[in-house]
Amino acid sequence: MSESTSARSAEPRPDEPEPIRAVPLRHPGRWISGAIVLVALGLFAWGAATNEAYRWDIYAQYLFDARITAAAWKTVQLTVLAMAIAVVLGVVLAVMRLSPNPVLRSVAWLYLWVFRGTPVYVQLVLWGLFPSIYKQIDLGIPFVHQFVHIDVQGLNAAFLFAVIGLALNEAAYMAEIVRAGITSVPEGQLEASTALGMSWSQTIRRTVLPQAMRVIIPPTGNELISMLKTTSLVAAVPYSLELYGRARDISGANFQPIPLLLVAATWYLAITSLLMIGQYYLERHYSKGLSRQLTARQLQALADAQNAPVTEAGKPTPKPGAPGEERI
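The rules behind these values
Residues numbered from 1 in each chain as written. Predicted model: local features only at pLDDT ≥ 70, side-chain atom pairs only at ≥ 80, totals over all residues. Heavy atoms only, no water. Salt bridge = Lys/Arg side-chain N within 4 Å of Asp/Glu carboxyl O. Buried < 20%, exposed > 50% of the residue type's maximum accessible area, 1.4 Å probe, protein only. Helix = DSSP H or I, 4+ residues; strand = E, 2+ residues; numbered from the N terminus. Polar contact = N/O pair within 3.5 Å; in protein donor to acceptor, adjacent residues only side chain to side chain. Contact = heavy atoms within 4.5 Å. Phe/Tyr/Trp six-rings, centres within 6.5 Å; stacked < 30°, edge-to-face > 60°. Lys NZ or Arg CZ within 6 Å of the ring centre and 35° of its normal. Expected span 1.5 Å × (residues − 1). 1 Å grid on protein atoms, 1.4 Å probe; cavity = no way out; pocket = protein on both sides within 12 Å on 5 of 7 lines; lining within 4 Å. Points joined across faces, edges and corners; volume = space filled by probe spheres on them.

Enquirer: Explain the pattern of salt bridges to me, please; I cannot follow it from the model alone.
Expert: All told, the structure shown has 4 salt bridges when counted by the stated rule. For the salt bridge of Arg 67 with Asp 65, the shortest nitrogen-to-oxygen distance reads 3.1 Å. With a relative accessible area of 40%, Arg 67 lands in the partly exposed category. Among the residues examined, Asp 65 registers a relative accessible area of 17% and is labelled buried. Ionic pairing is found between Arg 179 and Glu 176, a salt bridge with its closest N-O pair at 2.8 Å. Of this pair, Arg 179 and Glu 176 both sit in helix α8 (residues 158-183), 3 residues apart, which is roughly one turn of that helix. By relative accessible area, Arg 179 is classed as partly exposed at 26%. Three or more residues are tied together by salt bridges with common partners; here these are Arg 97, Glu 176 and Arg 179.

Enquirer: Explanation requested: the side chain of Thr 79 in the structure shown.
Expert: Within the fold, Thr 79 resides in helix α4 (residues 66-98). On the basis of relative accessible area, Thr 79 is assigned to the buried category, the value being 3%. Reaching out from Thr 79, the side chain makes a polar contact with the backbone oxygen of Thr 75 at a distance of 2.8 Å. The residues touching Thr 79, leaving out its near neighbours within four places in the chain, are Leu 224, Met 227, Leu 228 and Thr 231.

Enquirer: Even after reading the chapter, I still don't get the packing of aromatic side chains, so can you show me in this structure?
Expert: Under the definition given, this model contains 10 aromatic pairs. Taken together, a centroid distance of 5.4 Å and an interplanar angle of 85° make the contact between Trp 56 and Tyr 59 edge-to-face. Linking Trp 56 with Tyr 59, this pair stays in helix α3 (residues 56-62), spanning 3 residues, or about one helical turn. Relative accessible area serves as the criterion here: at 16%, Tyr 59 is assigned to the buried category. A ring pair is formed by Tyr 280 and Tyr 281, whose centres lie 5.1 Å apart and whose planes are at 75°; its orientation type is edge-to-face. Its guanidinium or amino end placed over the ring of Phe 159, Lys 74 lies 5.5 Å from that ring's centre, counting from NZ or CZ.

Enquirer: What should I look at first to understand α4 in this one?
Expert: An α-helical turn contains 3.6 residues, so a residue and the one three or four places further along point in the same direction. For α4, spanning 33 residues, the distance from its first C-alpha to its last is 48 Å, which sits close to the expected 48 Å at 1.5 Å a residue. Two or three places before Arg 67, at the opening of α4, Asp 65 has a side-chain oxygen 2.9 Å from that residue's backbone nitrogen.

Enquirer: Teacher, can you tell me more about the layout of surface pockets here?
Expert: The method is simple in principle: a probe with the dimensions of a water molecule rolls over the atoms, and the space it marks as empty is what remains. Roughly 350 Å³ of internal volume is contained in the second largest pocket. Surrounding the second largest pocket, 17 residues form its lining, Val 87, Ile 217, Thr 220, Gly 221 and Leu 282 being those nearest its centre. Secondary-structure elements contributing two or more residues to the lining of the second largest pocket are α4, α8, α10 (200-230) and α12 (257-286). Among the elements that take part in the lining of the second largest pocket, α10 stands out by supplying 7 residues, more than any other.

From the geometry alone we can't say anything about function, so treat these as descriptive.
See below:
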């Protein structure tokens, strides 16, 4: 009886529609445009490889030259030091802008107005002229007694002035990034911290800033990469021991600017790639808990807790009698 019933149920009924045959949608335009782009890239690569103006032999000769590698390390030092100072100063300026003290807010706004409103190249030129503007710096009690006298003109501190110039300019942008991250934290967090008896500074330091990192990290990574490229402007200080300055000096001696520019561009791309990888993992770390979708590690931990294997759908198979399982 059961077999005849199942046979009748397997036969299609005359009033039932035929099953839909899904045909994948074709996109010939995508394949055509992709082929055109690949052909254009291939032609460009062939033209660059066969163009004698690039002088790939000179490029290979200087790519790992000791002077170039030392200049790349100087570029990294400039980037890291300037960015570290800019982040610290940017946090201070952002807190000053959000402070209830009108003097602190006004000073922070004036700083941002000056350093964001003038080109970084002009600021670096002024830092190069700093020994001419301030020949000597005296530290002590004004108009009474000076304890320390610093001869600025006698200092050979082009690297220091380059770091200061880059850091002070970048701090203005970091202040706005930090301020945007702080204002993205819900006001309920501030109210809860106040209810716990925290002061305003403790609330910013312990509650707001840790939560604002999710918003602060992505643009900070972009600013770090931008800082790496901005170091090519420190020739205005003047400081020429960084990557672009050293490549320019070598090209001025052998009259081969094109391959030396390609060498500098290759090193910039390599360092930028490493920074982008670090930015990716840092963003992923601070975005934990933002999405409801569980990661592979979280899924495996949940499966281990239920003593069940992880299915292809990404969810652990519940044991018989587990909560949420239908009993038959």
